[in-house]
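Now for the letters of each chain:
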Amino acid sequence: MPLKKGDAAVSAVNARPVRGVRGDYQVKLNHGVSKLYQGRRHTVGVIFHTRPECLK
């Protein structure tokens, strides 16, 4: 996902949907931040957990 200076991105935690010849399927994502050659980059990881009482 190409970003310009000042842009922000939010991405899925585990997988993303991809449209294939036989239909949609999930592809695992790599977690990490690409190399930065100039300037500063700030990253944050936010984990959302499902409360057990929400699964009932």
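Whatever comes next refers back to the structure up there.
Residues numbered from 1 in each chain as written. Predicted model: local features only at pLDDT ≥ 70, side-chain atom pairs only at ≥ 80, totals over all residues. Heavy atoms only, no water.

1. A word on the overall build of the protein
(1) Moving on: Tallying secondary structure elements over the protein gives 0 helices and 2 strands in all.
(2) Moving on: Looking at the protein as a whole, 2% of its 56 residues qualify as buried.
(3) Moving on: For the protein, the computed accessible surface area is about 6,400 Å², with 53% contributed by carbon and sulfur atoms. (Helix = DSSP H or I, 4+ residues; strand = E, 2+ residues; numbered from the N terminus. Buried < 20%, exposed > 50% of the residue type's maximum accessible area, 1.4 Å probe, protein only. Areas by Shrake-Rupley, 256 points an atom, 1.4 Å probe, with all protein chains shown as cover.)

2. With respect to the pairing of strand 1 (residues 15-20)
(1) Moving on: In this sheet, strand 2 (residues 23-28) lies alongside strand 1 in antiparallel orientation, the contact comprising 6 bridges. Directly across from Pro17, in strand 2, lies its bridge partner Gln26.
(2) Moving on: If you look at the hairpin formed by strand 1 and strand 2, you'll find 2 residues sitting between the two strands. (Pairing = 2+ DSSP bridges.)

3. Here we look at the pattern of salt bridges
(1) Moving on: Counted according to the given criterion, the structure contains 1 salt bridge.
(2) Moving on: Ionic pairing is found between Arg19 and Asp24, a salt bridge with its closest N-O pair at 3.0 Å.
(3) Moving on: A relative accessible area of 70% places Arg19 in the exposed class. (Salt bridge = Lys/Arg side-chain N within 4 Å of Asp/Glu carboxyl O.)

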